[in-house]
Amino acid sequence: MLKDVQFENIRVDNQVFIKPEYMTHQFISGNKYRKLKYNLIEAKNQNHDTLLTFGGAFSNHIAATAYAGKICGFNTIGVIRGEELVHEMKSNPTLTFAKSCGMQFHFIDREAYRKKNENDFLEDLKSKFGSFYTLPEGGTNALAVKGCEEILMPEDQQFDYICVCVGTGGTISGIINSSRNDQKILGFPALKGDFLKADIRKFAHQQNWELIADYHFGGYAKIKPELVTFINEFKQKTNIPLDPVYTGKMMFGIYDLLAKNYFPRDSRILAIHTGGLQGILGMNQRLRRKNMPLIKE
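First things first, this report covers the structure right here in the doc.

So, how was this worked out
Residues numbered from 1 in each chain as written. Predicted model: local features only at pLDDT ≥ 70, side-chain atom pairs only at ≥ 80, totals over all residues. Heavy atoms only, no water. Pairing = 2+ DSSP bridges. Helix = DSSP H or I, 4+ residues; strand = E, 2+ residues; numbered from the N terminus. Buried < 20%, exposed > 50% of the residue type's maximum accessible area, 1.4 Å probe, protein only. Lys, Arg positive; Asp, Glu negative; His and termini not counted. Salt bridge = Lys/Arg side-chain N within 4 Å of Asp/Glu carboxyl O. Polar contact = N/O pair within 3.5 Å; in protein donor to acceptor, adjacent residues only side chain to side chain. Contact = heavy atoms within 4.5 Å. Expected span 1.5 Å × (residues − 1). Bend = angle between axes of the 7 residues up to and from the residue.

### Focus on the sheet that holds strand β2 (residues 16-20)
Sheet strands associate in pairs through backbone hydrogen bonding, adopting either a parallel or an antiparallel arrangement.
And step 1. As summarised here, the arrangement of the six strands in space is β1-β2-β10-β7-β8-β9, forming an open sheet in which the pairing is mixed. In this open sheet, the two edge strands, each paired with only one partner strand, are β1 (10-11) and β9 (209-211).

In structure tokens:
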């Protein structure tokens, strides 16, 4: 199973520190490491030998699950959104990596994918693949939140604000649960829409949080030249890489809020770097097709 790890926070200026969760593991980094930890234990306890999960073309969760299955002795099945991707396997770095780890794929169209949480859909998958332990899209469930509650350490109580990017809501829920009630947790969604609040409330036990919804850059997997410039300049100045879907948007938002005097004077801010760096290769493919500047790897 996965072993616990801990790293020192990195100071990037007088107010902002980064918790480098991306350094937990080369291939199962950041929040994916935390989300999988207790789910893998539960899968073993239930005597499952196969993990089945869901994701899109460049899913961090698909890549992490594939590698975790490889090193922990599970077969893995990825239900992938988009039938057309079956013809793009060789050019897709995420799916190529997952396949190299032994993951089996089941490609479905987007309409069918929307039924992924329905019992009839899951029963059809069991008739096709046999028994498996189900991991939801993005990996968020109660056991994932339990793992994410371990991100904050005792020394992190010194911070006034804790910032984290938000995809499915599991990571921020765990951080909320393990924070002091007088700390403010700020979530930076990568998606458009207000539905995340309800998802977070399913797991979060405190009310000391807020979603900052102004920095999604058009939605999941969307990007603009100014974000690419910020990511590249941030790496040049700090030697810390950011991904374009999650952490890049969060850090852009933090520094924009600092410029707008959102934070009270002398606030201490901790940003959680949740990983996702494998997605840079896929995003650069899209940027090349649009003749846009690339993210430096």
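### Here's the deal with unusual backbone geometry
And step 1. Even without a glycine there, the phi angle at Asn261 is positive, about 60°.
And step 2. In this structure Asn261 comes out as exposed when scored by relative accessible area, which is 66%.
And step 3. With phi around 55°, Asn291 is a residue other than glycine that occupies positive phi space.

### Quick notes on the side chain of Lys249
And step 1. By the element assignment, Lys249 lies in helix α10 (residues 247-259).
And step 2. No salt bridge is formed by the buried Lys249. Its closest oppositely charged neighbour is Asp243, at 7.9 Å.
And step 3. At 2.9 Å, the side chain of Lys249 and the backbone oxygen of His216 are in polar contact.
And step 4. Apart from residues no more than four positions distant in its own chain, Lys249 is found in contact with Ala190, Tyr215, His216, Phe217, Gly219, Ala221, Lys222, Leu227 and Pro244.

### Looking at helix α11 (residues 279-289)
And step 1. Considered for burial, the residues of α11 that qualify are Gly279, Ile280, Gly282, Met283, Asn284 and Leu287.
And step 2. Along its buried surface, α11 packs onto α2 (60-72), α3 (93-100) and α9 (225-238).
And step 3. Phi turns positive one or two residues past the end of α11, at Asn291, with a value near 55°.

### Brief notes about helix α1 (residues 31-45)
And step 1. Along its 15 residues, α1 runs 22 Å from first to last C-alpha, staying within 8% of the 21 Å computed at 1.5 Å per residue.
And step 2. The largest bend in α1 amounts to roughly 30° and is located at Lys37.
And step 3. For α1, the full list of buried residues reads Asn31, Lys32, Tyr33, Arg34, Lys35, Leu36, Lys37, Tyr38, Asn39, Leu40 and Ala43.
And step 4. Turning to α1, the residues buried within the fold contact β3 (50-55), α2, β6 (133-134), α6 (142-148) and α7 (170-178).
And step 5. After α1 finishes, the residue Asn47 shows a positive phi value of roughly 60°.

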